[in-house]
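# Inside the fold
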Amino acid sequence: MTSTNEPAPVAAGPAEVCLACDNLAEALAFFTGVLGFRIEAIFPADEPSVASLSGHGLRLRLAPGSGGPGALRLPCRNLPPADLRVLTAPNGTRIEWVATEAPLEIPPLTPEFVLTRAGQGPGAGVGRAGMIYRDLIPGRQGGRFIASHIAIPDGGPVADWVHFHEVRFQMIFCRRGWVRLVYEDQGPPFVLAAGDCVLQPPRIRHRVLESSPGLEVVELGCPAIHETLADHDMELPTGRLAPDRDFDGQVFLRHVAADTPWTDDAESGFERRDTGMRAATRGLADAVVLRPAGAREMSAPPRAAELLFGFVLEGAAVLARAGQDHPLAATDAFVIPPGEAWALAQASADLTLLRVTVG
């Protein structure tokens, strides 16, 4: 840095020592269980491969890669020019200057039709806090969206910690069982039961406390890869109640199915249960549950939304799209590209469909 007239970066925040790690689970067990480090961040949630740890005056970043002299990530408030952000020490150590708070990157949309059936697609993997993840959008629409069918088979206390997510949008819908959650400035812990959902606004602190055996939830987020960051200094509940608090243009939403009536959906001819997602996200997203109202068919006109996601909660139907019919059963999921019409036929009497649009 001494060969340039640019001002030296002003150090801000902890530096990270990057260490190669091909098996994150084993490494975490050693660094946290044996050496006493604690987790500060981990991602992606469905199949963690990168984790940041702190302890002993150090910050470590475990990530896939080859061994060698290691690398240092040095956060700073004034990034040097691009050609000076990566340096190499005499011993080969790689030095990276990085922004203290980098802006959230939303990959461009790559729309495609997706149909993910129960028992098909990538196998379920164990993700953060022992949760089992099933990927519902394997292609991720170019990295813009992720949807997961998450299960906790055994139930009981969840090995979670107070954390938050760097996201544009994130919601959780409970399909079966129940889970007890607590959120920043939203009062005491509460139970999210089957049919209920929450909107987790960007950066809201929260924690999963316990669940029933056989818990199943559907989680939808943007972007597909985002960080889960720990906040070890915050205790939840906070003792404050601020239901209208703004989190980057969104407010926390807890939708309780038992308290929400079914109404006629003029567009589809089915009945709908509105979650209130559109108001809570200031129009960014919408989430409703649809069911037959005597009719066994519904038609949906083309939408300009970035994402139209459907998940069969119960029952069966046939999805008609682009001249092809696709039988649907419980826990099947689909994505309709922008500008395409679609329809459902042969809907069973017990069909319930979660429909989410974003953008």
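These remarks concern the structure in this document. (Residues numbered from 1 in each chain as written. Predicted model: local features only at pLDDT ≥ 70, side-chain atom pairs only at ≥ 80, totals over all residues. Heavy atoms only, no water.)

Time to look at empty space enclosed by the protein. The rolling of a water-molecule-sized probe over the atoms marks out the regions of remaining empty space. Scanning the model with the defined rule gives 3 cavities of 30 Å³ or more in all. As a volume, the second largest cavity reaches approximately 60 Å³. Pro44, Ala45, Asp46, Tyr133, Ile146, Ser148, Glu219, Ala224 and His226 together form the lining of the second largest cavity. A breakdown of the residues in the lining of the second largest cavity according to their chemical character gives 5 nonpolar, 2 polar and 2 charged. (1 Å grid on protein atoms, 1.4 Å probe; cavity = no way out; pocket = protein on both sides within 12 Å on 5 of 7 lines; lining within 4 Å. Points joined across faces, edges and corners; volume = space filled by probe spheres on them. Nonpolar A, V, L, I, M, F, W, Y, C, P; charged D, E, K, R; others polar.)

The subject of this paragraph is unusual backbone geometry. Between Phe43 and Pro44 the backbone carries a cis peptide bond, its omega angle lying at -15°. Note on placement: Pro44 falls in the loop between β2 (38-43) and β3 (50-55). Following Cys222, the chain continues into Pro223 via a peptide bond in cis, with omega recorded as 0°. Its location among the elements puts Pro223 in the loop between β19 (215-222) and β20 (228-230). (Helix = DSSP H or I, 4+ residues; strand = E, 2+ residues; numbered from the N terminus.)

This part takes up the nonpolar core. With 30 residues, the main nonpolar core has Phe169, Met171, Leu220, Met277 and Phe309 as its most contacted residues. Elements supplying a minimum of two residues to this core: β14 (169-176), β17 (197-199), β19, α2 (277-280), β24 (285-291), β26 (307-314), β29 (333-335) and β31 (352-358). Apart from residues lying up to four places away in sequence, Phe309 is in contact with Leu136, Ile137, Ala147, Val218, Leu220, Ala333, Phe334, Val335, Leu354, Arg355 and Val356. Met131, Leu181, Phe190 and Val217 belong to the second largest nonpolar core, which has 20 residues in total. (Core = buried A, V, L, I, M, F, W, Y, C linked by side-chain atoms within 4.5 Å. Buried < 20%, exposed > 50% of the residue type's maximum accessible area, 1.4 Å probe, protein only. Contact = heavy atoms within 4.5 Å.)

Oppositely charged side chains may form a pair once their charged atoms are brought near each other. All told, the structure shown has 28 salt bridges when counted by the stated rule. A salt bridge links Glu16 to Arg59; its shortest N-O distance comes to 3.4 Å. Linking Glu16 in strand β1 (residues 16-20) with Arg59 in strand β4 (residues 58-63), this pair joins segments that are 43 residues apart in sequence. Taken individually, Glu16 and Arg59 each receive the classification buried, so the pair is uniform in this respect. The partner of Asp274 in a salt bridge is Arg272, with the nearest N and O atoms 3.3 Å apart. Here Asp274 falls in the partly exposed class, since its relative accessible area comes to 36%. Owing to a relative accessible area of 16%, Arg272 belongs among the buried residues under this scheme. Each of Glu16, Arg59, Arg61, Arg73, Arg94 and Glu96 takes part in salt bridges that share partners, so that together they form one network. (Salt bridge = Lys/Arg side-chain N within 4 Å of Asp/Glu carboxyl O.)

Glancing now at the side chain of Thr357. Relative to the elements of secondary structure, Thr357 occurs in strand β31. Beyond its immediate sequence surroundings of up to four residues, Thr357 is in contact with Arg278, Leu284, Ala285, Asp286, Arg303, Ala305, Leu307 and Leu308.

So, about the sheet that holds strand β27 (residues 317-321). Pairing is antiparallel in the open sheet, where 4 strands are placed in the order β25-β30-β27-β28. For this open sheet the edge positions go to β25 (298-300) and β28 (324-328), each flanked by a neighbour on one side alone. Taking the axes of each pair of neighbouring strands and ignoring which way they run, one obtains an average angle of 20° across the sheet. As defined by bridge partners, β27 adjoins strand β30 (residues 342-345) across 3 bridges and the pair is classed as antiparallel. Residue pairing in the sheet places Ala320 in a bridge with Ala343 of β30. (Pairing = 2+ DSSP bridges. Axes fitted to C-alpha atoms, helices over the stretch in contact; angles between N-to-C directions.)

Examined against the element boundaries, Glu166 turns out to sit in the loop between β13 (163-165) and β14. Each C-alpha atom of the pair Glu166 and Ile204 lies 9.3 Å from the other, and the pair is 38 residues apart in sequence. Excluding residues within four positions of it along the chain, Glu166 makes contact with Leu104, Arg203, Pro223, His226, Glu227 and Leu229. In terms of polar contacts, Glu166 uses its side chain to reach the side chain of Arg203, at 2.2 Å. (Polar contact = N/O pair within 3.5 Å; in protein donor to acceptor, adjacent residues only side chain to side chain.)

With that out of the way, let us pick up a nonpolar patch on the surface. On the surface, a cluster of nonpolar side chains totalling about 270 Å² of accessible area is made up of Phe30, Val34 and Leu35. With respect to the helices and strands, the residue Val34 is situated in helix α1 (residues 24-34). Take Val34: its relative accessible area is 57%, and that puts it in the exposed class. (Patch = residues over 30% accessible without salt bridge, like charges linked within 9 Å, V, L, I, M, F, W, Y side chains within 5 Å. Areas by Shrake-Rupley, 256 points an atom, 1.4 Å probe, with all protein chains shown as cover.)

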